[in-house]
Every structure is written in structure tokens, then in C-alpha cells.
Amino acid sequence: MTLTSCIFLVAKFIALPMDCRKLMSISFSPGDAVFFVHPQHSWVRGSVISVEKDSATCKVEDKERKEVQQGETIAKVKSDGIEMFHNECLDDAKHDDLLHLSVLHEATLLRCLYLRYMTDVIYTNIGAIVVALNPFNYEIPRYKDDRMSKFLALGKHFDKVPNHGLYPHSWACAHNTYFEMVENSENQCVLISGESGAGKTEATKIVMKYLAGVSCLGGTADEKKHSDGVGAKLTACSPILECFGNAKTVRNDNSSRFGKFMEVKFNGQGRLVGAFTTKYLLEKSRIITASEGERVYHSFYVALRGKYKGHLQFESESTYVSVNSGKCLTNKEYDTADDFEEVCDAMKKVGMSDDEVKSVWHIPAAILNLLNVGLLEDKAEREFSTFDDKTQKFLVQAAKLLYVSDQDLLKELLYFVRTTPDGDIVSRTSTDGAIDARNALCKHMYDGVFAWLVEKCNETCDAQSQGNWIGLLDIFGFEDFKLNSFEQLCINLTNETLQGHYNNFIFNKDMAECRAEGIDVADIISPDNTKCIQMLTGQGGVIPLLDECCAIDKSTDFTFLDKVDTAHSKNTFYGKNKTSRDTFFVRHYAGDVTYTITSWIEKNKDTLRDQMKLLIRRSTDKIVAQSLPLPVPKEQQKGKAPTVGGFFALQLRSLMEKINATNPHWIRCVKPHPAKKALHFDGVMTMKQLESSGVLGTVKIRKAGYPVRIQNENFLKKYRVCVTVSTADPMARIESVLTNAGVSDKKFSQKGRTKVFLKTEALTRLERFRDECLKEIASTLQRIGYGYIDRKKCFLQYVEKHRAELLRQKKEREERERAEREAEERAKREAEEKARLLREAEERRRKREEQKLQEKKNSAAICMQRYVRGGLCRLRVFRQVLEETRAKFEAQREAQFVEERRAARAIDAKRQASEKQWISWLNNVDHLKKKNSVDQQRQVKHDEQKRRINVRELCRKEDEDRQALDAEEAHDRQALMVRCEMLASHKKYLRDQETRAKKMFETQTNPLHSATRAPPPTANHRSARSDARTKEILSDYAASRAKAFEDFFPPPPPKNTFAALSDLSQQRGTPGRPSDFGSRERFQVAKDRWVAQDQYLESHVMPTPVARPRSGPTVSQPPSQQHLDEMYSGPHRTVGATMQHSLDSGQAATRATPRRLDQEPPWLAAQPTSPAPSVQNKRGGTDLRSAIDWDAVFNA
Ligand SMILES: Nc1ncnc2c1ncn2[C@@H]1O[C@H](COP(=O)(O)OP(=O)(O)OP(=O)(O)O)[C@@H](O)[C@H]1O
Ligand SMILES: [Mg+2]
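Worth saying up front: this structure is predicted, and the values here are computed from it rather than measured.

Student: What's the story with empty space enclosed by the protein in this structure? I'm lost.
Tutor: The gaps left among the atoms become clear once a water-sized probe is rolled over them. Counting across every chain of the model gives 10 cavities of 30 Å³ or more. Of the pockets and cavities examined, the second largest cavity occupies roughly 140 Å³. Lining the second largest cavity we find 18 residues, and of these S193, N495, Y589, S692 and S693 sit closest to its centre. When residues of the lining of the second largest cavity are traced back to their parent elements, those giving at least two are β8 (188-194), α15 (486-516), β21 (663-670) and α23 (683-692). By residue number, the principal contributor to the lining of the second largest cavity is β8, which donates 4 residues. Residues belonging to the lining of the second largest cavity are distributed by class as follows: 8 nonpolar, 8 polar and 2 charged.

Here it is in C-alpha cells:
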């Protein structure tokens, strides 16, 4: 929505056509939305069409009221019948309390009740009062008994439970009443009022039921049982009292024709213990007759139809005058034999015997008969009455039922005794007098039996209690009929008195609220009806004057009226219609009621002749006899005789004393429609009842003070447009609004602590002022808006031109910029091209360099490969040669071992042969010994000596040779060790080369670092095996040589035989000493082999002496002798074993050995990476070709 349209809308809604307003005596103008009084529907919504001098014509526009005719025009609506409609009223139906209505007025009140009633919400609060609209529907779910538990569960006074969420209800009222009684130990009362049929008796029952329920909460089982029993008794009383005290009327099919105040008693713990009922003013005329469409009391009809109808000897129903007087024999309630049965049962429940029950029914039956007794004008003496013989049977039957003589009864009807100073005079009664006497008898008897029944109920239900009580007042509501008589005066007096009590209570409460808000209430005058009550009951009041007249025999109704007139003609509450002589009106709180004074004196006297009382008292039936009191003896009759009015005033005073001593609660019952149907609403009727029930009185009380109360924040929100001060202080802002609207005076408004209190006029002024403010704002808005629009138009034109110019400039600029941009781009492109070419050249150069580098790398790799492969190849060849050599050595050694063993065996064989020769020689020596002489023995000795010398010489020579040989052997050993050292150095050299190659790879090619090698096998198993075998052979050889040595040097022969032995050797040849030449030869062979090995190493393995660094210290330090003896003690030692020895002895840690050559180079073994799968060659070594990642080497 554009700003313009907003402004127009605001202007349309706010700026009302004030110019066409004609300010008249009423402050409304055509088009105003208002509530106005419709003659048939009371307050309805509509609008003012035209305004006349002191009235207006309004049109109905109320879619929510279905019964009204939309668009209907009502002329001449008085100014006090029109009320401004405020938008706030749209939400009024939501309020549970009518006092929370934003505008408290009859119209808003009625509308709220209507909207709620139509949605089945029948209870609404107005302050302390519960307004209950009769729903004529027991099926509304939220009001069914099962929902009572929600209220019961609250367990505290509602006001003390925040946000309890429970709706207004008679239960809520009963709940609060009960808990106030319990918490404050104070008697309470619930005043239930309303017009006939509004639902008072039902409400009383609802409250009673709730009280019975709530009093049982938390009690023991026994207490509950007792309370239940009391409740049952109280419930049982209901049909009895209703049957005898209720009747069908046009307003209510079960209308209570008496007032009732029930004191529901509780013990100290708050448990229900009993109840005491007081009845007020039974409508006696209804015993005799009923208006059309109505009935006399229910008891007459059920008696006629009940089980005792035979016993009571009834004739047909149509026979009896009274029951047919209203021409309405049937009713929804208390109509049938079953109802009769129910009442009889109830009587028994309250403790009546069968006889008593029967006796009770005698009285209605007797009355029915009595009322059929014809009393006519005596044709001879017209001023006197006579008995209609045709009705004899009724007289007889009545007397029979009353257990009195029918003649006596007739006599009492037709004659009366007048007491004069001269004595008693018996006179005949006039026809009216006779009829009055009969009717009076009936009335008194019925009233008497009703009182007896009430007493009986009290006997059963009442209980002495130390606790408190709650009074339930089910009293007749305010009445205003076409013809109002003495009864209506009594009824309205009751209501007026109750209203006075209510006014005081509520007004005081309201004032208390005002004071709490800090409002000055000095000027507020409460609506006060005490003067009215005073006029009716006070000294010289209407009722005392009536009593006065009743005390004077000659007084008539007119003399009474004259007296009243004289006494009260100037009283504002009193008035007289000039057109009628027998009426006067009283200005009651609920409206003016005109009373007709006909028969007031009689009614007030309501006397029953003493003779009649005595007659009934003589009845043989106890209950019948008790139905009338004994006449008061003359000597006891002091002053005035008791009157109905006097008695009633007394009762009322006593009732008010009771009520004043209690904490009151109110339930105002309203009958929304005469049709007695659900969801029917009659505005006028409802309004009237609201008035008569005092609900509007509450509004008046409010109006007397400040009826409009708006929360401060709401007030400021609504009237913020009227604030002219720039302060945040809410009170100052409120003051500003009130001052600006001209309602700051105390007579219009006051500021409370939380609310602003306003009179209705102040609200109207405020509203008007707000309208004006809004109008001003609207015109300001329009001014600003229109100005804005015009400026905007000009601006737009300017903008248009400016935009065109800007567009042109922009285009030019764009063109220029484009050209510049293109040039720039071109230059940029060229620069980029140049840069690209440079980059490409650089790239090419870089590639060339890379290529060169690659080639270098490749050649380096090839070189390295060459070296490494060469080294590896040499290593492989060396290993191969080493292996072959080792194999050859081993084969040779094997062959040599075989040869040596064969030689050893040959030596053994030779030795054995020598042994044999020696044995044979010794045998010969023994033989010669025997033969030779002593001379020869000398020669032998000499020879032996010479031989010994020779042998010693030989031994010495052999020792020398051996020493020489050992020296030579040591020399050779040392030479071999030198060779081994050289071999180790060579190996180290190779390894260093490998390390350097590796480093080169590492620095040039990283991928080589990731190459992994598996460790080679660590042991040369063949060498170990060979060692074992060598050791074994050497030990064999050493053993054989030791043996041979022993054999070679036998123990010396005996001295005398030595020469012979020498001779024998010369002759036969001495078996020579085994020569050590074999050992030398073998050593020579070994030595030759070592030399050959050496030479081979010299030629195949050893590098050129120039390239091989010698490890001097290693060579210069020979191994220890013991070690060498262990390791080099024989010629069969392998080269591998020798080298192993060198390594194991730790003499040269850096010395290379064949075994270490078999192992992978340390720089490969030191790689920390995970081992790559290594290929084992046939000898268990590692094939370096597969261990080195040659691809990586070449790629690098
Ligand atoms: N709460 C209710 N729910 C449903 N129907 C109700 C309720 N209250 C009253 N009524 C109906 O209205 C009828 C009249 O009610 P009730 O007898 O209580 O009126 P009353 O005010 O006592 O009249 P009266 O002054 O004539 O005795 C009841 O018979 C019943 O049909
Ligand atoms: Mg009633």
C-alpha cells in the first residue's frame, strides 16, 4: 500500500464529517455508531440517522442479535436511551466480570450477557454478584455435575488461587462461601434472588449440593457418611416443601410460593451436620384459587391422584372448584400418583409415621371439600349468608376429614360471636363474611400444616452445632404486576431491604477500592434507599399505618390510604396517581410499583375467628388439631392484635439481623425469556430483571463514583495522541491528556495508582477530544502527505530531466571508459603476450636445463650404475670364486683327509709290523741272552750306549727341525693374517664406495631413500659344518699322533741286552723310529696350499696395492698365541674358519671377512624403511641385484 493511500484511509476513518454535525441537546450526530433502546429488545446496536431536538432517529445494525430486525428504524429515541458505541465493546463478551467492561453501561452489560448466554455461558460475575441466566437446559456440558470436582479440587478461596482458570458458577460462589466460613470462622449467607422462574430454587439446590460435597472433602469415612446422611435428609425435605409450598404459575411450573431461609450448619471441622429452615410468607390466596393458566398448590392435585384418593373419598377432579379455578389441571411436576408416592416416601424419610402421613393429606383433601361448600346469599335476609344444600356432601366430607362435626363447622361458617361490653353476641355472617371465614379456615389450616411440615423437616435435619452456618436465602424476587396487592408490597419490601443491604455492602467495597487507589471519595454519594424502607416500615410508615387501621374496627382500605397519603405525600419515594382513588405507588430501587389497596385491611388482619380455631383444635386428629394455634386468651391480648404485615416486618427484621451478622454472597437469577425455552432472549425482560435484582444498582453505584476505570497503561496507549508533554512519567502524561480534554477536574476524573477513574461524561469528552486530535493529526498527515506528493512530483520531474542528463553523461563516460578500457586491455594483452613469450622462452630454457640436468643425472646414474653394478658384479664374482674356491678347498681337504686316514692306517699297519718285528727281535734277544756270555754283554752295553747317543742326536736334530718348521709356520701364518687384513680393507673400501654411491643417490634422487632392502642371511652353515668336521678330524689326528709317538719311543731295553739289540739292528736291520718326515711333508703340503691360496688371493681378490689402504696396527698386532693355537693348530683349517677366527677374536673390528662380504652393505642394512622382499640366492646369500631398486636409480 502506498503512502498516499494510507493517508487517504486514515483521513477517511478519522476525519469524521464534523462540519455536518449539528450540536444539539444530545451529543450525537448522524452516522454515529451507538447503542440505543429498542422498545421490544432493549439496548441494541445501531447508528444515528438524524438528530431532533431532544431525541434521535436510529437504525438497527446489530448482526449479533438474531431476534432484532436489521435496518429497522426507531424514531424518537430519547437522549438517555442512546449511548456511544466504542470499539472496545467488541471484546466485552470475553469478560467473566461485568465490572471489567471497558465501558460500564446498561447497553454493554446487556450485550455481554446476551453474547455469553447465546454461547451457553450462563454465569457471569458483576463484582461480588453471580448473575445466573436460566438456561432451561440441564445438558450444558461445562455445568454438569461431573465438572464439580474441578472446583472442589481447588481447596482454597478462589481469590487466593492465582490463574485457577475456573469460570463463574454458583459452585464458585458456594466454594468461596464455604472457605470464607472455614477460614474466618464467620457465618456466611448466600442471597439468591430473582423473579419467579429465574432459577432460585435450582440455584439453592446447586449450592446445597456443593456445600455437602465440599464439607466432605478430607473428612473421615464416618464423617463423610454422616454428612451424606444429612445431605440425604435435606434432599428428602425438598419434595415435601415443594409439594405443599410450590405451584404452577404462568412464570414457573414449579414456583415456590414462599420465601425460604435455610441455615446449613457445620461443625467445628467444617463438616455438614444439619440444616434449619425458616419459611416466609406463604402465598395463602393460592390455597383458595388460581389465576387462569395457573394452579393451586401441587399438594391438591397429587392428593386427588395419589394412592389415598380412595381413603380420602375424592370425587372426580372436575368436581373441585379450587383445582379447576386456573383451568389448568396438568403440570410437568408434582402432578401424578408417582409424585404423590415420592412425597409420601420423603415424609417417611423425615420421620413421619404412616398415620401422620395420612393425616397430613386429610388437610388438603378437607380444604378441597370445604372450598366446594356453597355459601349463598340468604334470599330472605340478603345481608346474611346461607348454606347451599347441594354441597352438603362436601361439608360432611370436609368435617369427616378434619374429624370435626359438620354441623359445628357449618355453624362457624354462618355465625360469628361478637364480643361487646355487654357480653358476647352471636350474629349471622354476611355471604362475604361466611366465604371469608371458610377461606380463612382453609388458608390457616393449610399454612398451619405447611408450618408443621417445615417444623418436621427441621426436627429431622436440624442439629446443635458449635460451628458456623451458611444461610441460603431463596426468596421471592421483586414483583411488579398490573395489579399489585398487599403481598407484592411485602415481597417488594423484602427486596428493597435486601437491596439496601447490598448497596451498603457494595458501595462500601467500591469506596474501599477507590480509597486503595488513592481516589478522593468525599464527594461521592451512594445510592441510598433507606428512606424508601423507612417509608414502608418505619414509624408512621405504610405497614405500621395499615396495622393501625387494622386495630381500628371502622377503618377501611380508604381510610388507610388517606393516612398514608397524608403522612408521605411529600416523600420522594411515594406517589399517587391522580386518576385512581385506590392506588398509590412506591418509588422502589427497581422502579415505580403501583399498589391497589383493595382488601388490605382484611389481608393484613388475616384473622381466623377463635371459635373456628377452637373447633379445629377439638379435632381428634392430632395433626389437624395442630394445624391451627390455640386462640390467645383475651387477658393476654395486649395492645394491637398481630397482623400479617406486622409479623412479616418482624420476620424481615430478624432475617436482616441474621444477614447483617454474616458475610453476604449474592446469586442473581435472571429469566431471559418468558417462553421457558433454551437460547431465547428477551432484552426488555432481562433488562427489567437486571434492574430489579440490583445488578444495575451495581452500575449505579459505580456511576455514583467513577464508572469508567481504565488501567493506566491502557489509558496512555489509547490517548497517546492527546499527550502534549514530552516526559516519560506516566502520571504526567495522563494529567496532560485529562487537562487537554478538559476533564482533569475531580468531578470528571481522578488518577488512581493503577487506574484512571472517569465519569461517563468525562469518557465522552475524552473520546471527542481524541477524535479531534486524530483529525488534527490526520490533517497534518494530509498536509505533509500532499506536500510530499507535490514535492515528489516536482522532484520526479527534476529527477527525470536530471536522470536524462545523467544518462547522457553516463553514456559518454561509459564510452570513454570503454575506449580507455579497451586500450588498457589491449596494452594488457600485449604485455601479457610478451610475458607469455618470455615465460615460454624461460620455460624452454628451463626445460633445456632440466633436460641437461636429466641427462647429467642419467649419465651420473649410468656412472653410478656402472660403478655399483661393477662393484656388485665383482662382489658376485668374488663370492662365486670364493664359493668355488671354498668348495674346491673342501673337496681337497676331503681328499686329503681320506689320504691322511689312509696314511694313518698305513702307519698303523707299519707300526703293527714293527711291533711284530720287535716281538720277534725280543724273542731273539731272549734267546741270545741265554747263549751269549758275560763278555758279549759288555759289548752289548757299549753298543747300546753308542746307539743311545745316536738316538739322542737324532732327537736333537729332529727338535731343531721342528723348531725351524714351527718358526716357518708362524711366519706363514702371520703372512696369511696380513692377507686377510688386506682383504678386509678391500672390503671396507668397497663398502665405502657403496656408501658414497648411496649418498650420491640420496642427494640426487629421493626415491632411492624409500627403497628398502631385506637383510641377508647371517650364517654360513657350510663353514660351520666344515669346522665341526675339521675339529673332529684334528682330534682323531692328534690322538693317532700321540699314539704313534709312544710307539716311536718305546721304553729302553735292559742294559745287557742293548748291545745285542744294536747288533741285531745292524745285522737284521733295526726297525727304524717312525720318521717325523711324514708330518713335515704334510705340513709342507699345507703350506704349499696356503701359499697357493695366497697367490690366488693376490691375483684374484686383492686390489692393487696403491688403492688398498693398509691397516697397519691390525697387521702389526698378531693374535694371541693361545688363540692361534686353537684356531691354526692344523693344516686343515679352512680359509673361512681362519677369517671367522680373526673376526670373532675382535682383533680387527673393521677387518673384512668372506662372511661379512656375504652380508649386505651396512648402508643398505641401516635403511629404516620397511624391508623390500629380498631374493635369496642358492647359497642363502642375498642377491644384491634384486635388492637395489635400479629403476629408481635410473629415474633419478
Ligand atoms: N440451572 C438450571 N439449569 C437448567 N434449568 C434450570 C436451571 N435453573 C432453573 N431451571 C429451570 O427453570 C425452572 C424454574 O426454576 P426455579 O424453580 O428454580 O425458579 P425459581 O426462581 O425458584 O422460581 P420461583 O420464584 O417461582 O420459585 C426450573 O424448573 C428449571 O426447568
Ligand atoms: Mg423457587
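There's plenty left to go through after this.
Student: Is there a simple way to think about the site of ligand 1 in this case?
Tutor: If you check the shell around ligand 1, you find 18 residues, and the closest are S196, K200, T201, S255 and S256. Contact between ligand 1 and G199: an oxygen atom at 2.9 Å from a main-chain N or O atom of the residue. Look at ligand 1: alone it shows 620 Å² of surface, and the protein chains cover 90% of it. Of all the elements in the fold, those that place two or more residues in the shell around ligand 1 are α5 (200-216) and β10 (255-256). With 3 residues, the top contributor of residues to the shell around ligand 1 is α5. Its residues assigned to classes, the shell around ligand 1 comprises 4 nonpolar, 10 polar and 4 charged.

Student: Sorry if this is basic, but what is going on with the coordination of the magnesium ion (ligand 2) here?
Tutor: Octahedral six-donor coordination of a metal ideally yields angles of 90 or 180 degrees, compared with 109.5 degrees for tetrahedral four-donor coordination. Distances from the magnesium ion (ligand 2) to its protein donors, T201 (OG1) and S256 (OG), fall at 1.9 to 2.1 Å. One end of the pair, T201, is in helix α5; the other, S256, is in strand β10, and 55 residues separate them in sequence. For T201, a relative accessible area of 15% corresponds to the buried category.

Student: What exactly am I supposed to notice about the sheet that holds β8 here?
Tutor: Note: strands within a sheet are paired through backbone hydrogen bonds, in either parallel or antiparallel orientation. On the basis of which strands lie adjacent, the open sheet formed by 7 strands has the order β6-β7-β21-β8-β17-β11-β12 and mixed pairing. At either margin of the open sheet sits one strand with a lone partner, and together these are β6 (123-126) and β12 (272-280). For this sheet, the mean inter-axis angle between neighbouring strands, taken without regard to orientation, is 20 degrees. One ladder, built from 5 bridges, connects strand β7 (residues 129-133) with β21; its direction is parallel. Bridging across to β21, I129 finds its partner in W666. Helix-sheet contacts for helix α22 (residues 644-660) involve β8, β11 (259-266), β12 and β17 (469-474), and the interaxial angle to β12 is about 145 degrees.

Student: How should the sheet that holds strand β4 (residues 73-78) be read in this particular structure?
Tutor: A sheet is described by the order of its strands in space; here 5 strands give the open sequence β4-β3-β2-β1-β5, paired in antiparallel fashion. Each edge of the open sheet is held by one strand with a lone partner, namely β4 and β5 (82-84). When strand polarity is set aside, the average angle formed by the axes of neighbouring strands in this sheet is 45 degrees. Judged from the 4 bridges that link them, strand β3 (residues 55-60) and β4 form a sheet pairing that is antiparallel. Bridge pairing links A56 to V77 in β4.

Student: I tried to follow helix α16 (residues 530-537) on my own but got confused; where do I start?
Tutor: Because each turn of an α-helix spans 3.6 residues, side chains separated by three or four positions in sequence point in the same direction. Buried within α16 are the following residues: C532, I533, M535 and L536. Summarising the axial view, the buried residues of α16 lie within an arc of 160 degrees, below the 170-degree limit, and thus occupy one face. Contacts from the buried residues of α16 go to α15, α17 (542-551), α18 (557-568), β18 (574-575) and β19 (583-588).

Student: Can you help me understand the side chain of Q488 in this one?
Tutor: Along the chain, Q488 falls in helix α15. Looking at Q488, the relative accessible area reads 11%, which means it is buried. Only 3.0 Å separates the side chain of Q488 from the side chain of E479, close enough to count as a polar contact. Aside from chain neighbours lying at most four places away, what touches Q488 is E479, F481, L483 and Y595.

What counts as what
Residues numbered from 1 in each chain as written. Chains lettered and ligands numbered in written order. Predicted model: local features only at pLDDT ≥ 70, side-chain atom pairs only at ≥ 80, totals over all residues. Heavy atoms only, no water. 1 Å grid on protein atoms, 1.4 Å probe; cavity = no way out; pocket = protein on both sides within 12 Å on 5 of 7 lines; lining within 4 Å. Points joined across faces, edges and corners; volume = space filled by probe spheres on them. Helix = DSSP H or I, 4+ residues; strand = E, 2+ residues; numbered from the N terminus. Nonpolar A, V, L, I, M, F, W, Y, C, P; charged D, E, K, R; others polar. Near = heavy atom within 4 Å. Polar contact = N/O pair within 3.5 Å; in protein donor to acceptor, adjacent residues only side chain to side chain. Areas by Shrake-Rupley, 256 points an atom, 1.4 Å probe, with all protein chains shown as cover. Donors = N, O, S within 2.8 Å, 3.2 Å for Na, K, Ca; no water. Buried < 20%, exposed > 50% of the residue type's maximum accessible area, 1.4 Å probe, protein only. Pairing = 2+ DSSP bridges. Axes fitted to C-alpha atoms, helices over the stretch in contact; angles between N-to-C directions. Contact = heavy atoms within 4.5 Å. Arc of directions from axis to C-beta.

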